[in-house]
Amino acid sequence: MDAVAVLGKTVDDQTRCVHYHSPVDIVAIRFKCCGKWYPCYRCHDECERHGIVRWEEREFGERAVLCGVCRRTLAIREYLGAPSCPHCGSPFNAGCRKHYGIYFALGEKNASCALT
C-alpha cells in the first residue's frame, strides 16, 4: 500500500487538523480538483488557489477517502453513510455528513461546477 501524504494544517498522524480535531475526525479526502489529500475543505482552501470541484455520482467508485487510523483508502460510495471504517472499525464523525455536499455531488445534475 502506497503512503498517502495528507496536506494542510494537520495536528496528528490520523488526519486531524486545526479545524476538526475530535477523536472521530479521522478521514482525509482526495480532492477531485487537484488530486491532493486534505483533512477538510478549509485546509484545502487555505492551501490551494482554486475552487473545489465535487466528485460526481458516477465517480463514487474512486478511492478518494482515507481512514486516518488504519490508513486504508475507501471508495466514496463505501464511505458515504458509513458509521465507521469497514477495515478497522474506527468510528467516523457523524457530523461530517453535513459537509458531504462540499465534496460529493449527491443527486445533482450540475455536479462538475466548481465551488468557491
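Scroll up to find the structure.
Residues numbered from 1 in each chain as written. Predicted model: local features only at pLDDT ≥ 70, side-chain atom pairs only at ≥ 80, totals over all residues. Heavy atoms only, no water.

(A) Layout of the pattern of salt bridges. Within this structure, the stated rule accounts for seven salt bridges. Between Arg16 and Asp12 there is a salt bridge; the shortest N-O distance is 2.6 Å. Classification of Arg16 by relative accessible area gives buried; the value is 11%. The class for Asp12 is partly exposed, based on a relative accessible area of 29%. With a shortest N-O distance of 3.3 Å, Arg58 and Glu56 are connected by a salt bridge. Using a relative accessible area of 66% as the deciding quantity, one classes Arg58 as exposed. Overall, Glu56 belongs to the buried group, its relative accessible area being 15%. A network of salt bridges, in which partner residues are shared, links Lys32, Glu56, Arg58 and Glu59. (Salt bridge = Lys/Arg side-chain N within 4 Å of Asp/Glu carboxyl O. Buried < 20%, exposed > 50% of the residue type's maximum accessible area, 1.4 Å probe, protein only.)

(B) Geometry of the packing of aromatic side chains. The full count for this structure, using the stated rule, is nine aromatic pairs. An aromatic cluster of at least three residues, connected via ring pairs, comprises Phe31, Tyr38, Tyr41, Phe60, Tyr79, Phe92, Tyr100, Tyr103 and Phe104. (Phe/Tyr/Trp six-rings, centres within 6.5 Å; stacked < 30°, edge-to-face > 60°.)

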